[in-house]
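Residues per chain are reported as follows:
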Amino acid sequence: MKQIAKTELDTLFAAITAEQKLYIPADDSAGQAQFTLWRPGLALSGRLNTARSAKDLFFPQVENLVGFRMHAGAIERVETREEPEDFVIFGVRACDCRSFSILDRVFLSEPVDTFYQMRRAHATVVTLACTRPEETCFCAAMGVDAADPAGDVTCWLEDGTLLWRANTEKGEALTEKLPMLRPCPADAADAQQARTRALMQKLPLAKLDLSAFGAGKTRALFDRPEWASLSEACLGCGTCTFVCPTCQCYDVEEFRDGSSVRRFRCWDSCMYSDFTKMSAGQPRPTQRERFRQRFLHKLVYFPENNDGVFGCVGCGRCLAKCPIHMNIVKVIKTLGVTHA
Amino acid sequence: MKQDPLIPEIGVVTDIRTDTPDVKTFRVVGLDGKKPFTHIPGQCAMLSVPGVGEALFSITSSPTQTEYLEFSIKKCGCVTDWLHAMEPGRQITIRGPYGNGFPVDTDFAGKDLLFIAGGIGLAPLHSVINYCRHYRSRYGAIDIVYGSRSMEDLVDYPEILNEWSREDGIRVHLTIDREQPEWDGHVGFVPNYVRELAPDTARTVVMCGPPVMIKFTLAALMDLGFDRTSIYTTMELRMKCALGKCGRCNIGTKYVCKDGPVFRFDQLDELPDEY
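Predicted model, so just to flag it, every value in this text is computed and none were measured.

**Q** What am I meant to see in the overall build of chain B here?
**A** The number of helices and strands found in chain B is six helices and 15 strands. Against the globule reference of 19 Å for 275 residues, chain B gives a C-alpha radius of gyration of 18 Å, in line with a compact fold. C-alpha extents for chain B along the principal axes are approximately 55 × 45 × 35 Å. In chain B, which comprises 275 residues, the share counted as buried stands at 52%. For chain B, the share of sequence-separated contacts (at least 6 apart) that also reach a separation of at least 24 residues comes to 70%.

**Q** How should I be thinking about the overall build of chain A in this particular structure?
**A** Scanning chain A for helices and strands turns up 11 helices and 12 strands. For 340 residues, the compact-globule estimate of 2.2 N^0.38 gives 20 Å, and the C-alpha radius of gyration of chain A, at 22 Å, lies within 12% of that figure. Dimensions along the principal axes, computed over C-alpha positions, put chain A at roughly 65 × 65 × 40 Å. Of the contacts formed within chain A by residues at least 6 apart in sequence, a portion of 70% connects residues at least 24 apart.

**Q** Before we go on, may I ask you to explain the sheet that holds strand β9 (residues 170-176) of chain B in this structure?
**A** Within a sheet, neighbouring strands are paired by backbone hydrogen bonds and run either parallel or antiparallel to one another. Residue and element names in this part refer to chain B. Ordered by their spatial adjacency, seven strands build an open sheet running β10-β9-β8-β7-β11-β12-β15, and the pairing between neighbours is mixed. This sheet does not close on itself; its edge strands, each paired only once, are β10 (186-187) and β15 (262-264). Examined bridge by bridge, β9 and β10 share two bridges and lie parallel to one another. Opposite T175, over in β10, you have H186 as the bridge partner. Contacts between helix α5 (residues 211-224) and the sheet are confined to β7 (113-118), β11 (204-208) and β12 (231-234), with β11 contributing the most and set at about 160 degrees to the helix.

**Q** Looking at this structure, how should I read the sheet that holds strand β1 (residues 9-20) of chain B?
**A** Residue and element names in this part refer to chain B. Read across the open sheet, the six strands follow the order β4-β3-β6-β1-β2-β5; overall the sheet is antiparallel. One side of each edge strand has no neighbouring strand; the edge strands of this open sheet are β4 (53-58) and β5 (69-74). Geometrically, the sheet is characterised by an average inter-axis angle of 40 degrees between neighbouring strands, direction not taken into account. The pairing of β1 with strand β6 (residues 91-98) spans four bridges and is antiparallel. Bridge assignment links E9 to a residue of β6, and that residue is I94.

**Q** Just to check I follow, could you spell out the interface of chain B and chain A for this structure?
**A** Often, the extent of an interface is quoted as the loss of accessible area on bringing the components together. With 33 residues of chain B at the interface, the matching set in chain A holds 38 residues. Counting only elements with at least two residues in the side of chain B that touches chain A, the list comes to β4 and β6 of chain B. In terms of residue class, the side of chain B that touches chain A is built from 13 nonpolar, 10 polar and 10 charged.

**Q** I'm lost on the domain arrangement of chain B in this one. Help?
**A** All names here are of chain B. According to the domain assignment, chain B contains domain 1 (9-98) and domain 2 (113-234). Computed over C-alpha atoms, the centres of domain 1 and domain 2 are 24 Å apart. Contact with domain 1, which involves 15 residues of that partner, is made by 14 residues of domain 2. Residue assignment for the side of domain 1 that touches domain 2 shows that the elements contributing at least two residues are β1 and β5. Considered class by class, the residues forming the side of domain 1 that touches domain 2 number five nonpolar, eight polar and two charged.

**Q** Quick question: what am I supposed to make of the environment of D227 of chain B here?
**A** Along the chain, the position of D227 of chain B falls in the loop between α5 and β12. Along the backbone, D227 of chain B and T38 of chain B are 189 residues apart, and their C-alpha atoms lie at a distance of 32 Å.

**Q** Mind showing me how you'd approach the domain arrangement of chain A here?
**A** Residue and element names in this part refer to chain A. Per the domain assignment, the segments making up chain A are domain 1 (2-52 + 82-202) and domain 2 (218-335). Computed over C-alpha atoms, the centres of domain 1 and domain 2 are 27 Å apart. Contacts between the two partners involve 18 residues from domain 1 and, on the opposite side, 16 residues from domain 2. Classifying every residue of the side of domain 1 that touches domain 2 gives 10 nonpolar, three polar and five charged.

**Q** Looking at this structure, how should I read helix α2 (residues 122-134) of chain B?
**A** Residue and element names in this part refer to chain B. When the terminal C-alpha atoms of α2 are compared, their 18 Å separation across 13 residues agrees well with the 18 Å that a helix rising 1.5 Å per residue should span. In terms of burial, α2 is a largely internal element, 11 of the 13 residues being buried. Where α2 is concerned, the buried positions are L122, A123, P124, L125, H126, S127, V128, I129, N130, Y131 and C132. Tucked inside the fold, the buried residues of α2 contact β4, β5, β7, β8 (142-148), β11 and β12.

**Q** Please clarify how α5 of chain B should be interpreted in this entry.
**A** What sets the pattern is the α-helix's 3.6 residues per turn: residues three or four places apart point alike. Residue and element names in this part refer to chain B. If you check α5, its first and last C-alpha atoms are 20 Å apart, about what 14 residues at 1.5 Å a residue would give, namely 20 Å. Taken together, the buried positions of α5 are M213, I214, T217, L218, A220 and L221. Buried residues of α5, viewed axially, fall in a sector of 160 degrees; they line one side. Projecting away from the buried face of α5 at angles above 90 degrees are the exposed residues P211, V212, K215 and D223. Residue G225 follows α5 closely and has a positive phi angle near 105 degrees.

**Q** Where do I start with the packing of helix α4 (residues 190-197) of chain B against α5 of chain B in this structure?
**A** Two packed helices can be described by the angle between their axes and the distance between those axes. Residues and elements named next belong to chain B. Where α4 meets α5, the closest approach of the two axes is 8 Å, and the angle between their N-to-C directions is 20 degrees. Comparing their axes, α5 and α4 come out roughly parallel. Viewed along their axes, α4 and α5 form a crossing whose handedness is right-handed. Residues V190, P191, V194 and R195 of α4 lie in contact with α5, whose contacting residues are M213, F216, T217, A220 and L221. For the contact of α4 with α5, the residue count by class is seven nonpolar, one polar and one charged.

Cut-offs used in this document
- Per chain, the residues get numbers from 1 upward, laid out in the order the sequence is written.
- Chain letters start at A and ligand numbers start at 1, both assigned in the order the entries are written.
- This being a predicted model, a pLDDT of at least 70 is required before a residue's local features are given, and a value of 80 or more before pairs of side-chain atoms are given or counted; all residues contribute to the totals for chains, interfaces and linings.
- Helix and strand assignments come from DSSP, with helices taken as H or I runs of at least 4 residues and strands as E runs of at least 2, each series counted from the N terminus.
- Within these notes, the globule rule equals 2.2 Å times the number of residues to the 0.38 power, and the radius of gyration is based on C-alpha atoms.
- In this scheme every C-beta is placed from the backbone, and a residue whose C-beta has 20 or more other C-beta atoms within 10 Å is buried, one with 12 or fewer is exposed, and one in between is partly exposed.
- Working definition of a contact: two residues with C-beta atoms, positioned from the backbone, lying within 7 Å.
- For two strands to pair, DSSP has to find at least two bridges joining them.
- Fitted lines through C-alpha atoms give the axes, limited to the stretch in contact for helices. The angle between two N-to-C directions lies from 0 to 180 degrees.
- Polar here means any residue outside two lists: the nonpolar Ala, Val, Leu, Ile, Met, Phe, Trp, Tyr, Cys and Pro, and the charged Asp, Glu, Lys and Arg; Gly therefore counts as polar.
- Each domain's limits were defined by an automated method or a database of domain assignments.
- Helices are assigned an expected span. That span is 1.5 Å times one less than the residue count.
- The directions considered for the arc run from the helix axis to the C-beta atoms.
- Working definition: roughly parallel below 35 degrees, roughly antiparallel above 145 degrees, roughly perpendicular at 65 to 115 degrees, and oblique for all remaining angles.
- By convention the crossing between two helices is left-handed if the near helix lies anticlockwise of the far one by an angle smaller than a right angle, and right-handed if it lies clockwise.

Structure (C-alpha cells):
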C-alpha cells in the first residue's frame, strides 16, 4: 500500500502524463462528471460517478472499422485502424470496473473483437473506492464491493490522502514510475472500507432480491403479463442503453463521400424500433418486446451464457436518467414477485 | 495484429444467373480467382456493396463445389436491389462462413431425407441437397417437396428438372400456388401437399420457407406423426456482425448467427416465441 497527499494529486497526474495519456473524472461545463483527458489544473470531480460510463474508452460511441475506395467496379480496402497510445483511466468506480469484465466476456470471447482488445491492452485501470454511495446505487445487490474495487490499481481517498494499491503487473509497472507515492501501512484503507460497507447495507436498494432471475428463468418470465404495464410508458429513447456501462449492442453503418466509403460501427439500442426490423418481418414489433429483450438480456440471457453473471453492475445511471422514471430496479421488483 | 473478423475480403462476382423474376444467383470468387473459403451446408456469409450496406445470405452452393461460392438472392431491400442491378465482373466484399450448418455428416448420415422448401427457402437447402447428391451412398432415399407462387418463381427449375429429378433414389414433388396453362404438375400449398404425400415418419426432415409455410407444414408433420427432434429448419434474423456480439439476432439465450441458423424444432421449442 502506498499513499500521497490529496494536495499533491497534480504532481501524481503530471508524472503519469509524462509517459502516457491520463483520463480522470472532471466536471464539464454542465456540471456533470465525464472522463476527461487530464491537463495541468484539471481537478478531480467531487461527484460520485461520471454521467457517461467508462465504457467509451474501450468501446467508443463511434469507431471506424475499415475504408473502401471504389473505382470502375473494383474495390480497394483501406486500413483505418489507429493504434492508441498507452493510457491510464483514473477514478473508475467499482461498478464501472465490473462492467469491463462483462464487456470482456462479449468482446474478448472468440472470435475476438480486436478493436476492443487493442484498447484494453493499452489501458491501465485505476479504480477509486466509493465513500458516499447514492440512493440509486445497488452495486452490492450485483455482487460488487464498492469499498474494494478491482482494477490494475485500487485507490481510496481518505482525509486528504490518496491510498494506492497495485493489484496487477500493469499496476505494479505504473506504480514503479511514480516515486512520489510513499509506503504506508497495508491496513490504511480498512477503516474506510468498513464504514463504506456499513453504509452500503443501509441503502434502499441494497437488499434487492434477484432470486427470480438468472440462468434458466426465461420460461418463467417471458410471458409475464407485467411486461405490458412496465413498458407502457417507455419512449424507446435509448437513454438507458446510452448511459449503461454494460450495454454493448452495436450497429455497422457506412459513410460515403464520392468514391470512398468509411465503414464504422456505433452504439445501437435494442429499445429502437428498427433494431431487429427486416425486409421479411419484425420479431419485436412493439415496445413491449423491445423492453422485455433489454431486461431479460441483462437478467436472464446474459447470466445463462456467462456463468451466472448478471449483465448489470448496479451503477444506477438508468435510474437517474430515464425520462419516464422506469428502470431495471422497478423491473426486478415487479417481476421478482413470483405468482404461485 | 490479426485482422478483425468484421473486416471483409474483396470478392468478384463472376456470373449472375436470373432464376425467377425476383431471384438471381451470384457466383463469387476471391481476388485470386479461387473459392473464398470452405463451408458446411447451411452456413451463411456476409456480402456487402460498400456504400450500400452489408447483409447476411445463405450459401447456396455445395461445399463439394470447389471453384466458387454461389448465392441465390431474392430482391427485397437496399443491398439486394443493388446486387440485382449489377453486372458480372463487379467486386463486392465477403466475410464468413458463419453459423453451425446442417449436421450432414452426423445426424443426417444413413437417414432417409425429406426436404421441404417454399420460394427462396430452397436457397439454403440447395447446398445440402447437392452435398447429399455428391455423397449419395451416405444417405438413404431423398424426397424433395418444393413449392412456389408460380412456375416462374421456382428457383433452380432447370437444375431440378434436368438433374435432381433424373437421379435414382431422388423424388422431386413440385407444386405451385395457382393453376397455370403450361403447368401439368401439382397445384396447391406446400403444407397440404405434404399431407397428401403422407411421407414416412422415420424420415429426417429439412425445412425452409416463409414463416406461414413453416407454421402450417410443421402442423401437418405433427399430424402425420413426425417427431420434432427429426425436423430441422434454418432461421433468419437481422444481423450486423454475425459474430454473436452486435446483439440483435438472439432468440432468448441463443444467437441465430452463431448458435444457428440451423435448429431442430425441439430446440426451438425451448426458446421463447420471438422470431
